[in-house]
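Examining the three-dimensional arrangement
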Amino acid sequence: MKKCFPYRKVLIVGCGGAGKSTLAVEMGRRFGLPIVHLDKLWWLPGWQTRSEQEFDELLNAELIKTDWIIEGNFFRTFKTRLEHADFCIFLDYDTELCVQSVYARAEKYKGTSRPDMTEGCPEQVDDEFKNWISSFKEKVRPSMLSELKNGSTPYMIFQTRDDTANWLDGFSNK
């Protein structure tokens, strides 16, 4: 028997290309939770960025709401988001899988903006993004794991997409 999904404020983090947005959309559909894509808060058309102050104001307006799934990394705000969350999912997938997924996504959305990105930011894989993905396990992952282990927010770490899907399938829709 499937159990009811108990969380109303869910964070999804992980390496670029892990599938954070895809998981957020699926969970939002299943459990009736609104989705916040941090990339949409940060990026302006033409790959211009908001100021940190403006980003923080937009993020804080979302954090005080009663229901959400917030997906994305932006480690600078991770601790704050974690303090507001009921639950955190860390997609700790293989780096090569993430790289392959980013290139597949770039091909799928070639010349357009993907649904979880600001309009006017056509999908691309530049060297900076590829290098960030390649160094995620060494540079970002340890700090995220430390915040999770030292915080009070319950969390799950998934290392494969099958593990994530099997866990999600254990819950009833709404």
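Above this text sits the structure in question.
As a starting point, this report considers the structure included with it.

About the cut-offs
- Residues numbered from 1 in each chain as written.
- Predicted model: local features only at pLDDT ≥ 70, side-chain atom pairs only at ≥ 80, totals over all residues.
- Heavy atoms only, no water.
- Helix = DSSP H or I, 4+ residues; strand = E, 2+ residues; numbered from the N terminus.
- Rg over C-alpha atoms; globule rule 2.2 N^0.38 Å.
- Buried < 20%, exposed > 50% of the residue type's maximum accessible area, 1.4 Å probe, protein only.
- Areas by Shrake-Rupley, 256 points an atom, 1.4 Å probe, with all protein chains shown as cover.
- Contact = heavy atoms within 4.5 Å.
- 1 Å grid on protein atoms, 1.4 Å probe; cavity = no way out; pocket = protein on both sides within 12 Å on 5 of 7 lines; lining within 4 Å.
- Points joined across faces, edges and corners; volume = space filled by probe spheres on them.
- Phe/Tyr/Trp six-rings, centres within 6.5 Å; stacked < 30°, edge-to-face > 60°.
- Pairing = 2+ DSSP bridges.
- Axes fitted to C-alpha atoms, helices over the stretch in contact; angles between N-to-C directions.
- Core = buried A, V, L, I, M, F, W, Y, C linked by side-chain atoms within 4.5 Å.

When helices and strands are counted, the chain shows eight helices and nine strands. Here the C-alpha radius of gyration of the chain, 16 Å, is about what a compact globule of 174 residues would show, namely 16 Å. Relative to its 174 residues, the chain shows a buried fraction of 44%. Counting every atom, the chain has about 9200 Å² of accessible surface; 51% of that belongs to carbon and sulfur.

Glancing now at the side chain of Thr77. With respect to the element layout, Thr77 can be found in the loop between strand S6 (68-71) and helix H4 (78-84). Given the relative accessible area of 4%, Thr77 is considered buried. Look past the residues within four positions of Thr77 in its chain and what remains in contact with it is Phe55, Asp56 and Leu59.

What follows is about the layout of surface pockets. Space left empty within the atom packing is revealed by a probe, the size of a water molecule, rolled over the atoms. Its boundaries defined by the atoms lining it, the largest pocket holds a volume of some 1200 Å³. In terms of lining residues, the largest pocket is bounded by 42 residues, among which Gly16, Asp39, Arg105, Arg114 and Phe129 are the most central. Contributions of two or more residues to the lining of the largest pocket are made by helix H1 (20-31), helix H2 (38-42), helix H5 (95-108), helix H6 (127-139) and helix H8 (161-168). By residue number, the principal contributor to the lining of the largest pocket is H1, which donates six residues.

In this section: the packing of aromatic side chains. Under the counting rule described, the total for this entry stands at 17 aromatic pairs. Judged by centre distance (5.4 Å) and plane angle (80°), the ring pair of Phe5 and Tyr7 falls under edge-to-face. Plain terms: the ring middles of Tyr7 and Phe87 are 4.2 Å apart, the flat faces sit at 10° to each other, and that makes the pair stacked. With Tyr7 in the loop between strand S1 (3-4) and strand S2 (9-14) and Phe87 in strand S7 (residues 87-91), this residue pair connects regions lying 80 residues apart in the sequence. Note on accessibility: Tyr7 and Phe87 belong to one class, buried. Members of the aromatic cluster, each reached through a chain of ring pairs, are Phe5, Tyr7, Phe31, Phe87, Phe158, Trp167 and Phe171.

Moving on, we get to the sheet that holds strand S8 (residues 155-158). The parallel open sheet is built from five strands, whose spatial order is S3-S6-S2-S7-S8. The strands lining the two open edges of the sheet, one partner per strand, are strand S3 (35-37) and S8. Strand-to-strand twist across the sheet, computed as the mean angle between neighbouring axes with direction ignored, equals 15°. Relative to S6, S2 is paired through four bridges, and the arrangement is parallel. Across the sheet, the residue bridging to Lys9 is Trp68, located in S6.

What follows deals with the nonpolar core. Core analysis: the largest hydrophobic core is formed by 48 residues, its most contacted members being Phe5, Val10, Ile12, Met27 and Ile89. For this core, the element with the highest residue contribution is S7, accounting for five residues. If we skip the residues at most four places from it in the chain, Val10 touches Phe5, Met27, Trp68, Ile69, Ile70, Phe87 and Ile89.

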